[in-house]
Each structure stands twice: as C-alpha cells, then as structure tokens.
Amino acid sequence: MTSSPRPLLNRRLAEFGTTIFAEMSALALRTGSINLGQGFPDTDGPEEVREAAVRALRDGRGNQYPPGPGVPELRTAVAAHQRRRYGLSYDPDTEVLVTAGATEAIAAALLALVEPGDEVVALEPYYDSYAACVAMAGGRRVPVTLRPREGRFRLDLDELRDAVTDRTRLLLINTPHNPTGTVLTREELAAVAELAVERDLLVVTDEVYEHLVYDDAEHVPLATFPGMRERTVTISSAGKTYSFTGWKVGWVTAAPELVTAVRSAKQYLTYVSAGPFQYAVAEALALPESYYTGLRDDLRAKRDLLAAGLEQAGLAVFRPAGTYFVTADIRPLGESDGVAFCRALPERAGVVAIPAAVFYDHREAGAPFVRFAFCKQRPVLEEAARRLKGAGGH
C-alpha cells in the first residue's frame, strides 16, 4: 500500500455521507421523540389492496421473476390511469416500465440519459437522491432555487432560463414538490415546456405526489404540453398514493425510445422487484375516485392541524399545496441554523424534523427552513403540536 491510499468510496460519491434521515431517525429512537422527519405514513393503506398482495402470493403470481418491464396487468393499469386522469395515451408494451419505486426510476433515467460532463438542471431544494444519481452518471447538477414569496416557494422562470447552457442535457422537475409542497401552476409548466422545446432538452419529471394536492391546486403532467410527450420521462409510484411505501413499486411512462434507454440501465440495477406487489398495485390503480378524495381530505385536515401547531409554537409556516410535508421558517424564534435547530429539537420538545438545508447546494438559501411530515395519525400530530407549543419551539 502507498502512504496515501486512494479512498475506498468512489470520488463521485465522496460528498454523500449517511443520509440526514438515518441520523434523525436514530435521534428519534434515542430520545423517544415523535418522528416527523421521514416521509412515510404510520398506518397501512387500503385493506383491499393489501389483500390483493396476499392473494397474489398465495396464487403464486409474482413469486418468481416477473417480466423485466413489469407484469402486464400493472403496465396496463398504469396506462389506463394516465389516459383516464390526464388524457395521455401510452402503449403498455412499449411505453411503460415498472421500477423498484420512483427512486430506482430516477436513478435509471439519469444513468441512461446523462453522460459525463452533461449538465442537469434541477429545482432546489431537491429530494436527496437526485444529486447522488447525477453524480453517479458523471453529470453536473445545476440548481435553480425555489424562493419563498407570498406564502409559497416559487420558481423564477428567468433564473431557470439562465441556468440552461449548451451543455444542458435535461431538466429534472419535481411537482408536487418535495420538500416545499409547491405545486407548479399550469402557466409555470407551460413556460418550462416552451424552454425544453426551444433548447431541445430532455425532461425527467418526478410526480410521485400527483394525487396529494389540496385546495385549489391542480397537478398537470408536463408531458401533456405541446412538444413534451416525446421528450419527457414521467415517473410516479404507488408508495405515497396508497400508503405502502415499503413495497417499492414505481413506474416510468415515456416514448418507446426513452423507455428502452431507461430499461437498459434499470435491468442492471434490480432487474426486477416486488413481483406479487405489482399485481396488488394494478388493482389499487383502479380504485374509485372516492378513495382519492378521501385521501386528500384526510391529509388536508392533518396539514392544517400541524400547521396550526407550528404557528402556535412561533414558527412561520408555508402551507403546502401538495405532498405531505410542511416547511417552516425558524427565524421568528430567533434561530437561523436549521441543522442545529433540528439536532436540538428532540431534547427541547421531543419532536424530530428535517433541516431543509440538506436538500440545497446553496446551503445558506435553505438554512432557516425545517421540514415536518404530516402523514401520521391525528393523535400523533396533536401530541407533536402540544409538545412544540409547550417547549415554545425551544
């Protein structure tokens, strides 16, 4: 060995240590705190969907390797969902690909479509796997920061346009947006689409929260805009919509040549996964509209409960139009460092949250913001609000 051996970790991943979620979840366990950090529900989804998985297991469907692109029933159900919801027509055989959750879909899309030196423009703050996947592909991430204005985080379209260069390969768009809860408007999406067409860019859209939109917000897939269907890789999943995050069933819908490219990378990641669960998710996608209405009503009430508790504790709250996260500003408490605040909060109040700065390249832009998840049972949220108020946020 030389005196200064090469580090074991691939240098493209050197900046990515243990995720903040692992650190904060361990802190929650150690302190007995209510964990509003990680975004997963604390109750299972519809009983009939769970029973569909049990039935598939017992009937021997999916217990061996399913087809590489996904079981035909699920691909057909995904195509039917896109057509029924958005008027988007996809061929289940050539334009739908089933993945191990949206996370694998994002990884496979970026590994397939990005080469070393390519620039990827992403909305900041962003889900933490985006940065790691761009790095693994050898690309360079170019963040465009969503900035708080008039009660929500907004996209500056001029800033987005200025971020695109001759080296830009694709736009990575997430709406409804995690962690800010912003839902891009039809007008904003139209401008993104015009830019993509004008500059001949590929677009990868993460739409896993497509059914979790509130009040007057509307989710509109970018692929529905002129010139976008043939250049957009649309990604979604079952975890957030049906509250079975452990099943890890996601999907890609795109033009045949894009699906073929993504599948070329995906087949060397997991190859296939979640066989019996694929059959269950196919049935879940056919649930009546009343299910989605009930889900939204329940989450909206929980959003309002937690937002009110945070406001009573003295934080400034950005009430989200989508997802199941609330972002709060800690500066009214006389604080400015969200990481330090979140590390101290379990001892102060018995509640765990996530500092938004970890989702930013421009850490200072996210420093005063903290993310709380409200996809928990009402008594848990009520107790969290009580604890936060009792501690005065300190």
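The rules behind the values
- Residues numbered from 1 in each chain as written.
- Predicted model: local features only at pLDDT ≥ 70, side-chain atom pairs only at ≥ 80, totals over all residues.
- Heavy atoms only, no water.
- UniProt positions renumbered as here; feature names shortened; annotations may be inferred.
- Helix = DSSP H or I, 4+ residues; strand = E, 2+ residues; numbered from the N terminus.
- Rg over C-alpha atoms; globule rule 2.2 N^0.38 Å.
- Buried < 20%, exposed > 50% of the residue type's maximum accessible area, 1.4 Å probe, protein only.
- Areas by Shrake-Rupley, 256 points an atom, 1.4 Å probe, with all protein chains shown as cover.
- Lys, Arg positive; Asp, Glu negative; His and termini not counted.
- Charge placed at Lys NZ, Arg CZ, Asp CG, Glu CD.
- Expected span 1.5 Å × (residues − 1).
- Arc of directions from axis to C-beta.
- Contact = heavy atoms within 4.5 Å.
- Pairing = 2+ DSSP bridges.
- Phe/Tyr/Trp six-rings, centres within 6.5 Å; stacked < 30°, edge-to-face > 60°.
- Lys NZ or Arg CZ within 6 Å of the ring centre and 35° of its normal.
- Axes fitted to C-alpha atoms, helices over the stretch in contact; angles between N-to-C directions.
- Parallel < 35°, antiparallel > 145°, perpendicular 65-115°, else oblique.
- Left-handed = near helix turned anticlockwise from the far one by under 90°.
- Nonpolar A, V, L, I, M, F, W, Y, C, P; charged D, E, K, R; others polar.

Identification of the protein chain as Probable N-succinyldiaminopimelate aminotransferase DapC from Streptomyces griseomycini is taken from an unreviewed UniProt entry. In UniProt, the protein chain has this text filed under Subunit (unreviewed entry): "Homodimer."

Draft legend 1. Here's a closer look at the overall build of the protein chain. What the protein chain contains, in helices and strands, is 14 helices and 15 strands. Over its C-alpha atoms the protein chain spans a radius of gyration of 21 Å, differing by no more than 12% from the 21 Å that the globule rule assigns to 394 residues. Going through the 394 residues of the protein chain one by one, you find that 57% of them count as buried. Surface summary for the protein chain: the accessible area is close to 16,300 Å², and the carbon and sulfur share equals 50%. Of the charged side chains in the protein chain, 44 are positive and 51 negative, and the gap between their average positions amounts to 4 Å.

Draft legend 2. Structural detail: helix H14 (residues 378–390). In this model, H14 (13 residues) spans 18 Å end to end at C-alpha, consistent with the 18 Å of a helix rising 1.5 Å per residue. The set of residues buried in H14 consists of Leu381, Ala384, Ala385 and Leu388. Seen end-on, H14 carries its buried residues on one side only, within an arc spanning 100°. For H14, the exposed residues lying more than 90 degrees away from the buried face are Pro379, Arg386 and Gly390. Contacts from the buried residues of H14 go to strand E1 (34–35), helix H11 (289–312), helix H12 (338–349), strand E13 (351–352) and strand E15 (369–373).

Draft legend 3. Spotlight on the pairing of strand E10 (residues 250–253). Residues of E10 alternate between two faces, with Gly250 and Val252 on one and Trp251 and Thr253 on the opposite face, all of them buried. Sheet topology places strand E2 (residues 96–99) next to E10; four bridges connect them, and they run antiparallel. Pairing of valine 96 across the sheet is with threonine 253, part of E10. Summarising the sheet, strand E9 (residues 232–237) and E10 pair through four bridges and their orientation is antiparallel. The partner of isoleucine 235 across the bridge, within E10, is valine 252.

Draft legend 4. Representation of the packing of aromatic side chains in the model. According to the stated counting rule, one finds 16 aromatic pairs in the structure shown. Measuring from centroid to centroid gives 4.5 Å for tryptophan 247 and phenylalanine 277, while their planes differ by 10°, and the two rings are stacked. Note that tryptophan 247 is positioned in the loop between helix H8 (239–242) and E10 and phenylalanine 277 in helix H10 (residues 275–284), a separation of 30 residues in sequence. On the basis of relative accessible area, tryptophan 247 is assigned to the buried category, the value being 13%. When the centroid spacing of 5.5 Å and the interplanar angle of 70° are considered together, the rings of tyrosine 324 and phenylalanine 325 count as edge-to-face. Here the two residues tyrosine 324 and phenylalanine 325 agree in accessibility, since each one is buried. An aromatic cluster is built from Tyr126, Tyr127 and Tyr130, whose rings are joined through pairwise contacts. Above the face of the tyrosine 292 ring, arginine 85 is positioned so that its terminal group lies 4.5 Å from the ring centre. The ring of phenylalanine 40 has lysine 376 lying over it, and the distance from NZ or CZ to the ring centre is 4.2 Å.

Draft legend 5. Representation of the packing of helix H3 (residues 72–86) against H10. Interaxial distance between H3 and H10 falls to 8 Å at its minimum, and their mutual angle equals 30°. By the criterion of interaxial angle, the relationship of H3 to H10 is roughly parallel. Between H3 and H10 the crossing geometry is left-handed. Of H10, the residues touching H3 (which contributes Glu73, Leu74 and Ala77) are Gln278, Tyr279, Val281 and Ala282. In terms of residue class, the contact of H3 with H10 is built from five nonpolar, one polar and one charged.

Draft legend 6. Looking closely at helix H9 (residues 256–266). All of the buried residues in H9 are Leu258, Val259, Val262, Ala265 and Lys266. The buried residues of H9 occupy an angular sector of 125° when the element is viewed end-on, so they sit on one face. Considering only its buried residues, H9 is in contact with E2, helix H4 (101–113), strand E8 (202–206), E9 and E10.

Draft legend 7. Seen up close, the sheet that holds E10. Pairing is mixed across the open sheet formed by seven strands, whose spatial order is E2-E10-E9-E8-E7-E3-E4. One side of each edge strand has no neighbouring strand; the edge strands of this open sheet are E2 and strand E4 (140–145). Each adjacent strand pair in this sheet contributes to an overall mean axis angle of 20°, direction not counted. The pairing of strand E7 (residues 168–174) with E8 spans five bridges and is parallel. From the neighbouring strand, asparagine 174 faces E8, where its bridge partner is aspartate 206.

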